[in-house]
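# Observations on the three-dimensional arrangement
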Amino acid sequence: MQFDLTRRELRSSRRCPALTAFLILGCVSSAHAQSDGTLRGRVLDTADRPVAGAVVEGIGTFRQVSSTGTGDFALRLPEGEWRVIIRQIGFRPDTVVVRGGSARDTTIVVRLRAAPVLLEGLAVRAPRVAPLAQVVTAASVRQVPPLGEPDVFRAVVLLPGVAQPNDLKGRIHLAGGASDETAVRLDGHPLHDPFHLLGLLGAFNVAALERADVLIHHVPPQIGDALSGAIDLQTRSADAPGRNEAVLSLLTSGVTVARTGLPAGTDLLVSMRATYLDRFATVVAPDLPSLGFRDGVVRIGHDWGGGRWRAELLGFHTQDRYSDPDLTDSTGYEPLEWGESLAGMRVERSAPAGRVTVRASWNRSHAGVDERGAGGTNWIHTRRDWLSSAAQLDVARERWRVRAGASFDARRHDQRWIARGLIDEVFSPSTPAEYAGSQSLAVAALFGESELRLGGCFAGTIGARVSWSAGQILPAPSATMSCRASESFQLQGAVERRYQFTSQLEEPVEGSITPPTFLLPGGRTVDVAAVSAEWAPRAGTLSVQAFAKHYPDRPRLRNRSAGTTREDLLENFPDFERIRGQAYGATVGGSALLSARARIQGSYTFQRALEEVDGVSSPADWDAPHAVSLLASVRTLRKWTASAVYQGHSGRATTPVIARSFEPDLRAPRSGSLLPRYVYGERNSIRVPPYHRVDLGLRRTWRARAADWTLAVQVLNLLARENPIDYDWGVVFDDVRYTGEQSGRRAGRAGLPILPSVGLEVAW
Amino acid sequence: MVIPRARTTRRLLAFTALLAGVAGCSADPVTVPDSDEPFLYLVLNYRTPDRNMIDNRSAQHAVLLTTGSPAEPVRFRAAERFELRAAGDPALFGWTPLPARGEQGSYPSASLDRPNWLLPDIAPPGTRGARDIRPGVQYMLTVATGGRTLRGETVVPDSFAIRTSAEGDRRIAVWPRVRGAAAYQVEFANDPPRVQSDTTFSFPASAPPGSLTVYAMDPNVYRFTVERRSEREGIDTGFGVFGAVSAARF
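Residues numbered from 1 in each chain as written. Chains lettered and ligands numbered in written order. Predicted model: local features only at pLDDT ≥ 70, side-chain atom pairs only at ≥ 80, totals over all residues.

## Side note on the overall build of chain B
Operational definition: We count a stretch as a helix when DSSP gives it H or I for four or more residues in a row; a strand needs E for two or more, and each element gets its number in order from the N terminus. The burial label depends on the number of other C-beta atoms within 10 Å of a residue's C-beta. Counts of 20 or more mean buried, 12 or fewer mean exposed, and intermediate counts mean partly exposed, with C-beta atoms placed from the backbone. Placing C-beta atoms from the backbone, we regard two residues as in contact once those atoms come within 7 Å.
Helix and strand content of chain B: two helices and 19 strands. For chain B, with 250 residues in total, the buried portion stands at 36%. A separation of at least 24 residues holds for 64% of the contacts in chain B among residues at least 6 apart in sequence.

## Here's the deal with the overall build of chain A
Broken down by element type, chain A carries five helices and 45 strands. Within chain A, the fraction of its 764 residues that count as buried is 48%.

## Observations regarding the environment of Ala110 of chain B
Position of Ala110 of chain B among the secondary structure elements: in strand E8 (residues 110-111). Separated by 80 residues in the primary sequence, Ala110 of chain B and Asn190 of chain B have C-alpha atoms spaced 23 Å apart. Those residues in contact with Ala110 of chain B that sit more than four places away from it in its chain are Phe662 and Leu674 of chain A together with Val63, Leu65 and Val74 of chain B.

## Topic: the sheet that holds strand E41 (residues 673-680) of chain A
As a reminder of what qualifies: For two strands to pair, DSSP has to find at least two bridges joining them.
The antiparallel open sheet is built from three strands, whose spatial order is E40(A)-E41(A)-E8(B). Looking along the sheet, the strands with just one partner apiece sit at the ends: strand E40 (657-664) of chain A together with E8 of chain B. Pairing of E40 of chain A with E41 of chain A involves seven bridges; the strand directions are antiparallel. Bridge pairing in E41 of chain A links Ala659 of chain A to Val679 of chain A.

## A word on the sheet that holds strand E16 (residues 200-204) of chain B
Residues and elements named next belong to chain B. Rules: Between N-to-C directions, angles cover 0 to 180 degrees, with each direction set by a line fitted to C-alpha atoms, over the stretch in contact for helices.
Here three strands make up an open sheet; going across it, the order is E12-E13-E16 and the pairing antiparallel. The strands lining the two open edges of the sheet, one partner per strand, are strand E12 (163-167) and E16. Pairs of neighbouring strands in the sheet enclose a mean axial angle of 25 degrees, with direction left out of account. Across five bridges, the pairing between E12 and strand E13 (residues 170-174) is antiparallel. Across the sheet, the residue bridging to Thr164 is Ala173, located in E13.

## Overview of helix H5 (residues 729-739) of chain A
All names here are of chain A. Here is the rule: By construction, the arc corresponds to the directions joining the helix axis to the C-beta atoms.
Listed in full, the buried residues belonging to H5 are Trp729, Val732, Phe733 and Asp735. The buried residues of H5 occupy one face: seen down the axis, they fall within an arc of 150 degrees. In H5, the exposed positions that point more than 90 degrees away from the buried face belong to Tyr738 and Thr739. Residues of H5 that are buried sit in contact with E40 and E41. Gly740 lies just past H5 and shows a positive phi near 85 degrees.

## Looking at helix H2 (residues 219-227) of chain B
The set of residues buried in H2 of chain B consists of Asn220, Val221, Tyr222, Arg223, Phe224 and Thr225 of chain B. At the C-terminal side of H2 of chain B, Arg228 of chain B shows a positive phi close to 55 degrees.

## Considering unusual backbone geometry
A positive phi angle, close to 50 degrees, is found at Ala175 of chain A, a residue other than glycine. Structurally, Ala175 of chain A is set in the loop between strand E12 (173-174) and strand E13 (182-186). Taking the number of C-beta atoms within 10 Å as the measure of exposure, Ala175 of chain A has 27 and is therefore buried. Of note, the phi angle at Ala189 of chain B is positive, near 45 degrees, even though the residue is not glycine. With respect to the helices and strands, Ala189 of chain B occurs in the loop between strand E14 (183-188) and strand E15 (194-196). Classification of Ala189 of chain B by C-beta neighbours within 10 Å gives exposed; the count is 11.

## Some thoughts on the nonpolar core
Counted only if it meets this: The term nonpolar core means buried Ala, Val, Leu, Ile, Met, Phe, Trp, Tyr and Cys residues held together as one set by C-beta atoms within 7 Å.
With 89 residues, the main nonpolar core has Val152, Val156 and Val214 of chain A as its most contacted residues. Once residues within four sequence positions are removed from consideration, Val156 of chain A is found in contact with Val136, Val162, Ile172, Ala212, Val214 and Ile231 of chain A. Core analysis: the next-biggest nonpolar cluster, separate from the first, contains 55 residues, Phe82, Ala130, Trp175 and Met217 of chain B among them.

## Comments concerning the pairing of strand E35 (residues 598-613) of chain A
Residue and element names in this part refer to chain A. Alignment of strand E34 (residues 576-595) against E35, held across 15 bridges, turns out to be antiparallel. Residue Gln582 lies in a different strand from E35, and its bridge partner there is Leu610. Two strands pair when backbone bridges link them, and E35 and strand E37 (residues 626-635) are joined in this way by nine bridges, in the antiparallel orientation. By the bridge assignment, Thr605 is partnered in E37 with Ala627. Where E35 and strand E36 (residues 616-619) come together, four bridges link them in antiparallel fashion. Bridged to Glu612 within E36 is Ser617. Between the end of E35 and the start of E36, which pair antiparallel, lie two residues, with Asp614 showing a positive phi angle near 50 degrees.

## Focus on the pairing of E34 of chain A
Both strand E33 (residues 540-557) of chain A and E34 of chain A contribute to a ladder of 16 bridges, which runs antiparallel. Bridged to Leu557 of chain A within E34 of chain A is Phe576 of chain A.

## Description of the confidence of the model for chain B
Residue and element names in this part refer to chain B. Selection criterion: pLDDT: the predictor's confidence for each residue, scored from 0 to 100.
Residues at a pLDDT of 70 or more form 81% of chain B, whose mean pLDDT is 83. Of all secondary-structure elements in chain B, the lowest mean pLDDT belongs to helix H1 (residues 5-23), at 55, while strand E10 (residues 138-145) reaches the highest, 96. Predicted complex metrics record ipTM = 0.86 and pTM = 0.80.

## Describing the environment of Pro120 of chain B
Residue and element names in this part refer to chain B. Summarising the element assignment, Pro120 is placed in the loop between strand E9 (117-119) and E10. Residue class for Pro120 comes out partly exposed when judged on the 18 C-beta atoms lying within 10 Å of it. Remark: the alpha-carbon pair of Pro120 and Asn45, spanning 75 residues in sequence, is separated by 12 Å. Discounting chain neighbours no more than four positions away, the residues touching Pro120 are Gly94, Gly129 and Ala130.

Take a look at the structure:
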């Protein structure tokens, strides 16, 4: 690293007159102290190319800025000698010491040395994240051998505290929470259920993403409706140099175009992806259902006023289609389709002292099928609309930082269906065969969070989100405390309350779309406490976290006993009962550089998710006490990088059968059949066998024809292990009946078989 | 920083073994249940063809089984006493056991068409037959089997009739709210039956006569077959149901 110092005259400055002026966009530009000086500079890499998006922060202050597309930055610093850290993902952080204040301005050039991105751990230390957050970058997602496609949701599961029940469910459970408690946001705009292939894959082309912030133990108050946390996805930075990418894999093909420096300060990101699975699969096996998807992201950004103003328009669309081979040729048959569409806008006004952001989005999620035209009686029509808006002000000083704002969300759910024969295929088991209902809900909220350097190593935040819904005022306070004892060691803690205003009917089962989701005017609550210790020497990182969560009013479908499959008579459906729940656990995560060519990252999570039903505490459906993940990346010869991933976790909790009874077949009463009816024991008192999976991926990148080419070959479930999803009791008992013992091999539905795939990426 | 390879390998293996061990430590054995509990299915007025009879007549019958193991065939069960009587009437109904079928009284699957207790329409003198079952009357059951005694009660829902009216190409069936009924099972043509609390049903006007049958289900039958909250309804021990229906056909 080298830096040069020059001195300039300090510009005159104006004071921000009063707190009320914070709400005025123009005020922010003038808000800085009279004695400040400006540290100007440029961030370059070792080849003298500009590094965009690097965070430049005065250590011990809340002053931080990002470098522009040309690598330039301007950071205001008060009087005195300051250490300034410059960080960017993919580069080694660097620190310089400068003098700030009114006496002089300083200009420096910082050259960051690139870190070997391919060997980065999955979770990276990234600037500008909330306390206790974890960050996954698009580059690190590509390290993980993908399930056909690189998938951010399949990568975050390797982080401590993050769980997916099995291969066939992509929904994310954070720190023992239910899957519908995990919010997914794209550039700050809330999404409904962005999943493909009946919940198997996330609906995002990794090429369009910059990173995913995984917020579990502290959710900043500007984010609502995230009971267990949020996965905050960021599209590719507009500051990054324009880069295009095409991907061709066995599952999909996609194109991503990123353009910066277009006329009038405009930048563009377009990413589209479509699968040909539906076409190939039916050619190979005509009896297979046709299952296909497509998705896309479009972002148009415009900077003006010397970069002080920025406006963005964002569009996101995902669409899946499932066609029943028995009905495909029938005239009038409308296959099952589901997906969502988001249109969002954001306007930002930035200044050295702060930033004002206004955003709004409209998102429609839908699911529909109609078999009536093909002689059937089933049809489904669900539509969920979400209008979301917020205004937010961020102001930073040397010793404190304030974020305040307001949000308004209006949601409407129209859900109707007659789905007698579709319950098992489309919906989850407790969905009634018929339903028609509409709900509307408006939630307004005020939020604020202030952060203060308390002296010594300590810093703390205190904040609150106060929501108004259906005449109720619901305050959700939060507080965090941190102590950075040294550059490599940090302690953090958080305590907070959160509310959420939706609940899905129940956890989705494998091979079903998202269960019907209902609005809760009174909200649902969780109280969270977490502590964390992180040690980050140069050769790796080690973090230990512990958490406890209390759910005083978790919604649960009433009168649903184990073994109940459906009810035709519905009174006040869904009429959730409220039960108490809790989750607690501890995680250990770390990464280590084993040699110059090998890095290993691992995590162990112990967590329990418990629910109190009828006064009895029992594990939740997604409870899996032990989870382990291991990611090893090794650079081999000829520029190949090999990545191996091991994932293992306890089997999910399930309810045992303690006796057999009989019942008439209500579907065919004239048959006279008495079907076996299993009498279930204590709820979720046993577990299916543990889950183990080893995946292997090889990547090789080379440059040719002015483009970077990457060949990726991967094998999922290398050991071809049949990971049971749950017991199919009929199969289990038949197994015993005919073989004399339980072989375990046919205990129930299994997860993924061994699955090889190959893909080619071209970036230019 | 370069760490010696041998030490690295040992660390890696030890770490992997530790993690895999931890992940695998939560398997629970699955046991196959086996129970000697009796199972009874007796719904008064519900009739299915009896395959024991040569002419396959519809009859009132009951199934008494041992719940046993799901990994084993169904075991039929004998009874020392099988007594049904109406409230206020000392006369017993003439239930008679049917011969055991299959090997050693077992059969691969259970069926209402293969009952092991039969109530003839016309019973021997001094006893009551199936034709003597009356709507609105309470019935008491006592079954002693293998050292267990099941006692139960039910009230047969009132009889009712279906009225229909035409509306365009549809026909609307309407029946009164039936005393003693918790819900109605509607069977139309070959459609899957539906259970409803509503007392109307719309069907195509072109449907032939006899296409629609409505069963008024007493609370025991409704709770056992539809709500499925409990494994015993209308009886005080064992598994199964003692209930009643009344039916109307259009």
